[in-house]
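Chain by chain, the residues:
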Amino acid sequence: MQHKMRENPLAPEGVNRLLERAMVGRVSTNGSDGYPYTVVVHFVYREGAVYFHGLPKGEKLCNIARDPKVCFEVDELLGIRKEGVTVPCKVGSGYESAVLRGRASLVDDPGEKEDILRAITAKYAPELGEAPILPQAAAGTAVVKIQVESCTGKYHT
């Protein structure tokens, strides 16, 4: 465990709150060329799983189909700490972050898929909460579930 993780672990409740309020996450897949492939996603977290949506094809989904092991990261910058600092190396930042590892899979069940799309809409555009999810739009959207297997969080004030 990294030194700061030992000193400043974010408790599971803190990780859950961060996952509920964060607006952007990053999912990393294992690329066919051996390099990690990381993209920003809009997501929801519920019942030990992260869900995100996107186009129904592309590098991210090809990587997941080949190797479902993924990493998901979320963070929140709380501020830059420079008050009274006179040397650059003493400037710090306040933040909370979490790193989750798990296995990703496509959500195929139409009812579950619509439920997740509604949850994403409620998070990012609550004013559209009652608008219908058009069947053709849902069919043209991939919904991915990351079943979380491990999670670490940390903070710095």
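Conventions used here
- Counting restarts for each chain, with residues numbered from 1 along the sequence as it is written.
- Reporting in this predicted model follows two pLDDT cut-offs: at least 70 for local features of residues, and 80 or more for side-chain atom pairs to be given and counted; totals over whole chains, interfaces and linings ignore these cut-offs and use all residues.
- Think of the side-chain values as coming from all heavy atoms in the structure, minus any hydrogens and water.
- Numbered from the N terminus, helices here are DSSP runs of H or I no shorter than four residues, and strands are runs of E no shorter than two.
- The contact rule is simple, with two residues in contact once any of their heavy atoms fall within 4.5 Å.
- Calculation of accessible area relied on Shrake-Rupley with a 1.4 Å probe; when residues are assessed, cover is drawn exclusively from the protein chains displayed.
- Under the pairing criterion, centres of Phe, Tyr and Trp rings, with the six-membered ring standing for Trp, must be within 6.5 Å; the plane angle then separates stacked pairs below 30 degrees from edge-to-face pairs above 60, leaving the rest tilted.
- Relative accessible area decides the class of each residue, using a 1.4 Å probe on protein chains only: under 20% of the type maximum gives buried, over 50% gives exposed, and in between gives partly exposed.
- Criterion for a charge above a ring: Lys NZ or Arg CZ within 6 Å of the ring centre, and within 35 degrees of the ring normal.
- Multiply 1.5 Å by the residue count of a helix minus one, and that product is the helix's expected span.
- Read the arc as the range of directions from the helix axis to the C-beta atoms.
- A pair of strands is considered paired only if DSSP assigns at least 2 bridges between the two.
- Residues belong to one nonpolar core when they are buried, are Ala, Val, Leu, Ile, Met, Phe, Trp, Tyr or Cys, and are joined through side-chain atoms within 4.5 Å.
- As a per-residue measure, pLDDT reflects the predictor's confidence and takes values from 0 up to 100.
- Here the term patch refers to residues with relative accessible area over 30% and no salt bridge, with like charges joined within 9 Å and nonpolar side chains (Val, Leu, Ile, Met, Phe, Trp, Tyr) within 5 Å.
- Definition used for salt bridges: Asp or Glu carboxyl oxygen within 4 Å of a side-chain nitrogen of Lys or Arg.

### Description of the overall build of the protein chain
Phase 1: Counting secondary structure elements, the protein chain contains five helices and seven strands.
Phase 2: Summarising its shape, the C-alpha atoms of the protein chain cover approximately 60 × 40 × 25 Å along the three principal directions.
Phase 3: In the protein chain, 72% of the contacts between residues at least 6 apart in sequence involve partners at least 24 apart.
Phase 4: When the accessible surface of the protein chain is totalled, it reaches about 9600 Å², and 54% of it is carbon and sulfur.

### Thoughts on the packing of aromatic side chains
Phase 1: For the structure shown, the criterion picks out one aromatic pair.
Phase 2: Ring centres of Phe43 and Phe72 lie 5.0 Å apart, and the angle between their planes is 70°; this geometry places the pair in the edge-to-face category. Of this pair, Phe43 sits in strand β3 (residues 43–46) while Phe72 sits in strand β5 (residues 69–81), and the two are 29 residues apart along the sequence. Comparing Phe43 with Phe72, the two get one shared label, buried.
Phase 3: In this arrangement the basic side chain of Lys123 is found over the ring face of Phe43, its NZ or CZ atom lying 3.8 Å from the centre.

### What to know about helix α4 (residues 110–124)
Phase 1: Here α4 spans 21 Å end to end across 15 residues, near enough to the 21 Å set by a 1.5 Å rise per residue.
Phase 2: Inspection of α4 places Lys113, Ile116, Leu117, Ala119, Ile120 and Lys123 among the buried residues, and these make up the whole buried set. All buried residues of α4 fall inside an arc of 155° around its axis, so they share one side.
Phase 3: Where α4 is buried, its residues touch α2 (12–21), β3, β4 (49–54), α5 (135–139) and β7 (142–156).

### Focus: unusual backbone geometry
Phase 1: Backbone geometry at Glu47 places phi at a positive 50°, although glycine is not the residue there.
Phase 2: Glu47 sits in the exposed class, given a relative accessible area of 81%.

### Section: the pairing of β5
Phase 1: In this structure, strand β1 (residues 25–30) lies alongside β5, joined through three bridges in antiparallel fashion. Bridge pairing in β5 links Val27 to Phe72.
Phase 2: By the bridge criterion, twelve bridges tie β5 to strand β6 (residues 92–106) in an arrangement that is antiparallel. When the sheet's bridge partners are listed, Asp75 is paired in β6 with Ser97.

### A look at the nonpolar core
Phase 1: If you look at the biggest cluster of nonpolar residues, it comprises 22 residues, and the most contacted ones within it are Val27, Phe43, Phe52, Phe72, Val74 and Ile146.
Phase 2: When residues of this core are traced back to their parent elements, those giving at least two are α2, β2 (36–41), β4, α3 (59–66), β5, β6 and β7.
Phase 3: When near neighbours in sequence (up to four residues on either side) are disregarded, Phe52 contacts Val27, Val41, His42, Phe43, Lys60, Ile64, Ile120, Ala142, Val143, Val144 and Ile146.
Phase 4: Judged by nonpolar contacts, the second largest core, of eleven residues, contains Ala49, Tyr51, Ala119 and Ile133.

### Topic: the confidence of the model for the protein chain
Phase 1: For the protein chain, the mean per-residue pLDDT works out to 91, and 96% of the residues sit at or above 70.
Phase 2: Across the protein chain, element-level confidence peaks in β1 with a mean pLDDT of 98 and bottoms out in helix α1 (residues 3–7) with 53.
Phase 3: Here residues 1–5 is modelled with pLDDT under 50, and outside its nearest four sequence neighbours on either side it reaches eight contacts, counting other chains as well.

### Notes on α2
Phase 1: Taken residue by residue, α2 has Gly14, Val15, Leu18 and Leu19 as its buried positions. Taken end-on, α2 shows its buried residues confined to a sector of 135°, consistent with a single buried face. Counted as exposed and oriented over 90 degrees from the buried face of α2: Glu13, Arg17 and Glu20.
Phase 2: Close packing links the buried residues of α2 with β3, β5, β6, α4 and β7.

### Considerations on a nonpolar patch on the surface
Phase 1: Taken together, the side chains of Met23, Val24 and Val40 make up a nonpolar region of the molecular surface, amounting to roughly 240 Å² of accessible area.
Phase 2: You can see Val24 is positioned in the loop between α2 and β1.
Phase 3: Given a relative accessible area of 31%, Val24 falls into the partly exposed group.

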